[in-house]
Amino acid sequence: ESGPTPATAGRLRTQARAYLAARRPQDAVAPLAAGRAIIDQIGIPYIALVIEADQAYVSALTGGDINAAAARLERVIKAQDAGERRYKSHLPDYYLGKLLLGQSQVTQSRAALERSVVLARTQTRKAELADALTGLGQAQLAQALPGEAAHSFEEALQIYRSTQVATSPAQTEALEGLAQAQR
C-alpha cells in the first residue's frame with residue numbers, strides 16, 4: 001500500500017501556485033491544505049515552511065488578518081534562516097514584501113523584496129525572479145524612485161519574455177509598472 005508522497009504534495013502546491021499566478025487565491029486554499037497535510041504526515045520540515053508561507057499569503061489575500069499573515073511569514077523567514085541554505089526559498093520574503101506594500105509600509109516592503117530578489121537569483125525558476133523584481137519595482141515606485149523602478153521592471157520583463165509564451169498577469173503588472181516609472 002502506498003501512502004502520500006512528497007511528489008503528490010508538490011503537485012498540489014504547483015496547482016495552488018498556478019491559481020495564485022492566475023490571481024485566484026481563493027482556489028489555492030484547498031490544494032495548499034491538502035499538500036500541507038501530506039508534508040506534515042511525512043515529516044519534511046523545510047517543505048512545510050514553504051507551504052506555510054504560501055498559506056499565510058493566501059490567507060491575507062482572501063480576507064484573513066494581514067498582520068497575522070505577516071507574523072507567520074516572519075516566523076518562516078527566521079526558521080529558514082536558521083536552517084540549511086539550500087532549502088531557503090525567496091517566497092516568504094516576497095510574500096511579506098507584497099503584504100507590507102499593500103499596507104503602505106514601503107521601507108519594510110522594499111527591504112523584504114530586495115532580499116527576495118537576492119534569494120531568487122540563486123534559484124532555478126527564473127519567472128519567480130521576475131515576480132520578485134516586479135514587486136521590488138512597485139516598492140521603488142512607492143518610494144518615488146522611478147529610475148530604480150524602471151530598471152527592476154525592465155529586467156523582469158526581459159525574464160518574462162524569455163520564459164513565457166504568452167503575456168501573463170504578472171508580465172502585465174511589470175508592463176504597467178514600467179509605464180508608471182517612465183511618466
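Computed from a predicted structure; not experimentally measured. The written sequence of each chain sets the order in which its residues are numbered from 1. For this predicted model, a pLDDT threshold of at least 70 governs which residues receive local features, and a threshold of 80 or more governs which side-chain atom pairs are given and counted, while totals over whole chains, interfaces and linings are taken from all residues. Side-chain figures throughout are based on the complete set of non-hydrogen atoms in the structure, without hydrogens or water.

**Q** Sorry, what's going on with the packing of aromatic side chains here?
**A** Aromatic ring pairs are reported here in terms of the distance separating the ring centres and the angle at which the planes meet. Working definition: a ring pair exists when centres of Phe, Tyr or Trp rings (six-membered ring for Trp) sit within 6.5 Å. Plane angles under 30 degrees give stacked, over 60 give edge-to-face, the rest tilted. Taken as a whole and assessed by the stated rule, the structure comprises three aromatic pairs. Ring geometry for tyrosine 46 and tyrosine 87: centres 3.7 Å apart, planes at 15°, overall stacked. With tyrosine 46 in helix α3 (residues 45-61) and tyrosine 87 in the loop between α4 (66-82) and α5 (91-102), this residue pair connects regions lying 41 residues apart in the sequence. Exposure categories follow from relative accessible area, calculated using a 1.4 Å probe and restricted to protein chains: below 20% of the type maximum is buried, above 50% is exposed, and the middle band is partly exposed. On the basis of relative accessibility, which here comes to 34%, the residue tyrosine 46 falls in the partly exposed class. According to the relative accessible area criterion, tyrosine 87 is partly exposed, its value standing at 26%. Ring geometry for tyrosine 94 versus tyrosine 95: centroids 6.0 Å apart, planes at 55°, classification tilted. Numbering of helices and strands starts at the N terminus; helices are DSSP runs of H or I of at least 4 residues and strands are runs of E of at least 2.

**Q** Explanation requested: the side chain of lysine 88 in the structure shown.
**A** As for its placement among the helices and strands, lysine 88 is situated in the loop between α4 and α5. Pairs of N or O atoms are called polar contacts if they sit within 3.5 Å, as long as, within protein, a hydrogen donor faces a hydrogen acceptor (for residues adjacent in sequence, only side-chain-to-side-chain pairs). Here aspartate 81 takes part through its side chain, which lies 2.9 Å from a polar atom of the side chain of lysine 88.

**Q** Got a minute to help me understand the environment of leucine 141 in this structure?
**A** Residue placement: leucine 141 occurs in helix α7 (residues 126-142). Judged by relative accessible area, leucine 141 falls into the partly exposed class, the value being 21%. Measuring from C-alpha to C-alpha, the distance between leucine 141 and glutamine 180 comes to 8.0 Å, with 39 residues separating the pair along the chain. In this view, leucine 141 contacts Pro146, Ala149, Phe153, Gly177, Gln180 and Ala181; residues no more than four positions away in its chain are not counted. Should any heavy atoms of two residues lie within 4.5 Å, those residues are considered in contact.

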